[in-house]
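Descriptive analysis of the structure
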Amino acid sequence: MAVIHQTELTPSKLELLTAWLPTRAWYRGEGVPELADVGGFRLDDPEGEVGIEFKVVTDSSGTRPTTYFVPLTYRGAPLDGAEHALVGTMEHGVLGRRWAYDGCHDPVMVGQLLALIEGRAEAQDQHLSDTPDRDVFRTYTGDALDPADFTAPAVDDDEGTELRASQGTVLRLQRVLHPAPHDATRRPGGTTGHLAGSWRSPNGPRPRGTFAVILGGPYS
């Protein structure tokens, strides 16, 4: 299990995201983001080298608050060929310089996210070491997914990010989050798998919605 260090980061993760989010096709704010950390979870890297975090942040800069799903990876050295996916660098009080990347472009995150959806990995608490996050829910009905098949570049649109496998399967991440109109633990129609969870809201109960889905391919 990954160890969560209680230490300072300079700049902070929210400061990095304040500069990075407006460069995304799915960003809906106005001017400088006004971000609040409202949820998320972590995954373990089996090799113990890469930090994997899925942050949920709410931006209040627009006419109405918008909540985003932001997978990040943290590395102790630059990821070759991923300059376009660099969110920024931070100084970690224990680990030193860390390179933060948009996780959709990091093969370690992609592999572990597929494992989570399939049920081969377990979501971990965002802030506590060795503590499963029981609020994250997944379903999957297909055959085994091979991360090596997802070689095409991740593509953003105005709602999310898609990663396409060589044989047609699509892993789609919902970047702009919406509360589910019904039970978010139910697999959405037309999908073979999904990932759901909740986040904090200043206006009452925790909203729950879909974070990611698996679409199409030979597994449908």
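Described below are features of the structure shown in this document. Please read these numbers as outputs of a predicted model, since none were measured by experiment.

**A short note on the sheet that holds strand 8 (residues 155-156)**
Judged by pairing direction, the sheet is antiparallel, and its six strands sit side by side in the order 7-11-12-10-9-8 without closing on themselves. Only two strands of the sheet have a single neighbouring strand rather than two, namely strand 7 (137-140) and strand 8. Pairing between strand 8 and strand 9 (residues 160-164): two bridges, direction antiparallel. Looking across to strand 9, one finds that Val155 is bridged to Glu162. Against the sheet, helix 2 (residues 107-118) makes contact with strand 7, strand 9, strand 10 (170-174), strand 11 (191-198) and strand 12 (208-215), and its axis sits at roughly 80° relative to strand 7, the strand it touches most.

**Concerning the side chain of Glu53**
Its place among the elements puts Glu53 in strand 3 (residues 51-59). Looking at Glu53, the relative accessible area reads 2%, which means it is buried. Among the polar contacts made by the side chain of Glu53, one reaches the side chain of Lys13 at a distance of 2.8 Å. In this structure the side chain of Glu53 is engaged in a polar contact, spanning 3.0 Å, whose partner is the side chain of Gln126. The contact partners of Glu53, leaving out residues within four places of it in the chain, are Lys13, Phe41, Arg42, Val70, Pro71, Leu72, Tyr74 and Gln126.

**Regarding the environment of Ala144**
The topology assignment puts Ala144 in the loop between strand 7 and strand 8. The spatial distance from the C-alpha of Ala144 to the C-alpha of Tyr74 is 27 Å, given a sequence separation of 70 residues.

Rules used in this analysis
Residues numbered from 1 in each chain as written. Predicted model: local features only at pLDDT ≥ 70, side-chain atom pairs only at ≥ 80, totals over all residues. Heavy atoms only, no water. Pairing = 2+ DSSP bridges. Helix = DSSP H or I, 4+ residues; strand = E, 2+ residues; numbered from the N terminus. Contact = heavy atoms within 4.5 Å. Axes fitted to C-alpha atoms, helices over the stretch in contact; angles between N-to-C directions. Buried < 20%, exposed > 50% of the residue type's maximum accessible area, 1.4 Å probe, protein only. Polar contact = N/O pair within 3.5 Å; in protein donor to acceptor, adjacent residues only side chain to side chain.

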